[in-house]
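Observations on the model geometry
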Amino acid sequence: MKLQQNTRLALFSLLEFAADPERQIPAAEIAQKYEVSSHHLAKVLAELSRVGMVQSVRGVGGGYRFIGNARRLTLMDVISRFEDVLPAENSHSEVTPVGQALASVLSEIDEIAKASMSSITLATMLRIIERQQAASAAPATAKVKMKRSTA
């Protein structure tokens, strides 16, 4: 499943906010981290604010903060705000047996992807991120220890 830039920005932003829900993060900080336009990101954040996933805090020290429930908010909840998740309409090629079979397989793949995205919460994603960061830090720590022991 290929996601549009707005959808990816929404997911990146929500995960940043959910990782530290008490912190107000400026949009510019997220835009810089993910190398995107602040103006483009502002449109995405406005939609997330409109649907009650984040709250905009104005003024000095302002930014956005997460107000959703990371244990309940799923990837599909976010994706469906920015993507067309309805089944594709039948095309003329689907009148043949081959076209119908292919359409059936592609439809099933879409349904599996939707079910998977509906079962993964932001809290689950945060745990995956933590595990990946710990795994990538472990080899670096091992290299430092090995250098010390050989010195």
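Residues numbered from 1 in each chain as written. Predicted model: local features only at pLDDT ≥ 70, side-chain atom pairs only at ≥ 80, totals over all residues. Heavy atoms only, no water.

The contact between helix H1 (residues 5-19) and helix H3 (residues 38-50) brings their axes to 10 Å, and the two run at 70°. Classified by the angle their axes make, H1 and H3 are roughly perpendicular. For the element pair H1 and H3, the recorded crossing hand is right-handed. When H1 is examined against H3, the residues Gln 5, Asn 6, Leu 9, Ala 10, Ser 13, Leu 14 and Phe 17 are found in contact with a partner set consisting of His 40, Leu 41, Val 44, Leu 45 and Leu 48. A class-by-class count of the residues in the contact of H1 with H3 yields eight nonpolar, four polar and no charged. (Axes fitted to C-alpha atoms, helices over the stretch in contact; angles between N-to-C directions. Helix = DSSP H or I, 4+ residues; strand = E, 2+ residues; numbered from the N terminus. Parallel < 35°, antiparallel > 145°, perpendicular 65-115°, else oblique. Left-handed = near helix turned anticlockwise from the far one by under 90°. Contact = heavy atoms within 4.5 Å. Nonpolar A, V, L, I, M, F, W, Y, C, P; charged D, E, K, R; others polar.)

So, on to the pairing of strand S2 (residues 63-66). The sheet contact formed by strand S1 (residues 54-57) and S2 spans four bridges and is antiparallel. Opposite Ser 56, over in S2, you have Tyr 64 as the bridge partner. In textbook terms, the turn of a hairpin is the stretch between consecutive antiparallel strands, and for S1 and S2 this stretch comprises five residues, one of which, Gly 59, has a positive phi near 95°. (Pairing = 2+ DSSP bridges.)

What the rule picks out here adds up to four salt bridges. Note that Glu 111 and Lys 114 form a salt bridge whose closest N and O atoms lie 3.5 Å from each other. Of the two residues, Glu 111 and Lys 114 both sit in helix H5 (residues 97-119), three residues apart, roughly one turn of that helix. (Salt bridge = Lys/Arg side-chain N within 4 Å of Asp/Glu carboxyl O.)

Here we take up the confidence of the model for the chain. When pLDDT is averaged along the chain, the result is 89; 87% of the residues meet or exceed 70. Of all the helices and strands in the chain, helix H6 (residues 122-150) carries the lowest mean pLDDT, 80, while H1 carries the highest, 97. (pLDDT = per-residue confidence, 0-100.)

Quick look at H3 now. With 13 residues, H3 should cover 18 Å at 1.5 Å per step; its first-to-last C-alpha distance of 18 Å lies within 8% of that length. Among all positions of H3, only Leu 41, Val 44, Leu 45, Glu 47 and Leu 48 are buried. Buried positions in H3, seen along its axis, are confined to an arc of 155° and lie on one side of it. Turned more than 90 degrees away from the buried face of H3 sit His 39, Lys 43 and Arg 50, all of them exposed. Of the residues trailing H3, Gly 52 is marked for its positive phi of about 80°. (Expected span 1.5 Å × (residues − 1). Buried < 20%, exposed > 50% of the residue type's maximum accessible area, 1.4 Å probe, protein only. Arc of directions from axis to C-beta.)

Membership of the largest hydrophobic core comes to 32 residues, with the highest contact counts inside it found for Leu 14, Phe 17, Leu 41, Leu 48, Phe 66, Val 78 and Leu 122. Taken together, the elements giving at least two residues each to this core come down to H1, helix H2 (27-33), H3, S2, helix H4 (75-82) and H6. Looking at which element gives the most residues to this core, the answer is H1, with seven residues. (Core = buried A, V, L, I, M, F, W, Y, C linked by side-chain atoms within 4.5 Å.)

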